[in-house]
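Here is how the chains run, residue by residue.
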Amino acid sequence: MENKKLVKLKKDCFDHLKEVYAPEERIFVFGEGNVGSCLMLVGEAPGKDETIKQRPFVGKAGKNLDAFIDVLGLNRGKMYVTNVVKFRPVKKSEKTGRLSNRPPTKQEVNLCLPFLLKEIDLVKPQIVVSLGNTALQALTQDRHSTVGNMHGKFFDIELKSGKRILLFPLYHPASIIYNRSLREIYNQDLKKLRKVIESKST
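Since the structure is predicted, the reported quantities are computational estimates derived from the model, not experimental observations. (Residues numbered from 1 in each chain as written. Predicted model: local features only at pLDDT ≥ 70, side-chain atom pairs only at ≥ 80, totals over all residues. Heavy atoms only, no water.)

Turning to the sheet that holds strand β1 (residues 32–33), a few remarks are in order. What the six strands build is an open sheet, ordered β1-β3-β2-β6-β8-β7; its pairing is mixed. Of all strands in the sheet, those bounded by a partner on one side alone are β1 and β7 (155–158). Sheet topology places β1 next to strand β3 (residues 79–83); two bridges connect them, and they run antiparallel. Pairing of glycine 33 across the sheet is with tyrosine 80, part of β3. Sheet strands in contact with helix α3 (residues 59–72) are β2 (39–43), β3, β6 (127–131) and β8 (164–170), and its direction is about 150° off that of β2. Sitting on the sheet, helix α8 (residues 183–200) touches β2, β6 and β8, and the angle it makes with β8 is about 150°. (Pairing = 2+ DSSP bridges. Helix = DSSP H or I, 4+ residues; strand = E, 2+ residues; numbered from the N terminus. Contact = heavy atoms within 4.5 Å. Axes fitted to C-alpha atoms, helices over the stretch in contact; angles between N-to-C directions.)

In structure tokens, the structure reads:
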């Protein structure tokens, strides 16, 4: 059963974004999972598959998430997954006219960030995992924060909302596809995260 406060937040978020992008047709994708989950994953933005299915982390991203979950010994129902930006940022090829993903702009992040902060406040996770630089910089409110410097460590940070969270930055699972040298680092970070999750569940 869906949490009523999250349902309302989703409606408020989509209503606001529809107003901002009134001249355009955009498909919005909100987070999903259990309120009170130990773990909350925060990615960058939905891609093509997520936009089609209107769910976060499906398609290629979903396969990456499945591998992530296997290492942690959890299942998707035991966590909450979402993105900073609630719609797919795209660019159009001048040659083919096809759309492809692009990193969200600072304005797009700032537009969606208040709703992400409210999501975190409602879910109340014990650990928030940021996937990639966009999520990390949005949560720390520091554009100089990088996964390269902060991955695999726990940070007690105060969000813009005033709420404190335990943040664990990780490389985005998709980055492992493009940079195989990160795979071992990524797996070591996941093992650290698993130990802490296990300690909190005992």
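Taken across its seven residues, β8 has five buried, putting it largely inside the fold. Relative to β8, β6 is paired through four bridges, and the arrangement is parallel. Pairing of leucine 131 across the sheet is with leucine 170, part of β8. As defined by bridge partners, β7 adjoins β8 across four bridges and the pair is classed as antiparallel. Each residue of the ladder has a partner; that of isoleucine 157, found in β8, is isoleucine 165. (Buried < 20%, exposed > 50% of the residue type's maximum accessible area, 1.4 Å probe, protein only.)

Let's shift gears to unusual backbone geometry. As a rule of thumb, non-glycine residues mostly have phi less than zero, and peptide bonds are mostly trans rather than cis. The phi dihedral of phenylalanine 57 is positive, around 55°, even though this residue is not glycine. Checked against the element boundaries, phenylalanine 57 lands in the loop between α2 (48–53) and α3. Even without glycine at this site, glutamine 141 takes up a positive phi of about 55°. Position of glutamine 141 among the secondary structure elements: in the loop between α5 (133–140) and α6 (147–150). Take glutamine 141: its relative accessible area is 39%, and that puts it in the partly exposed class.

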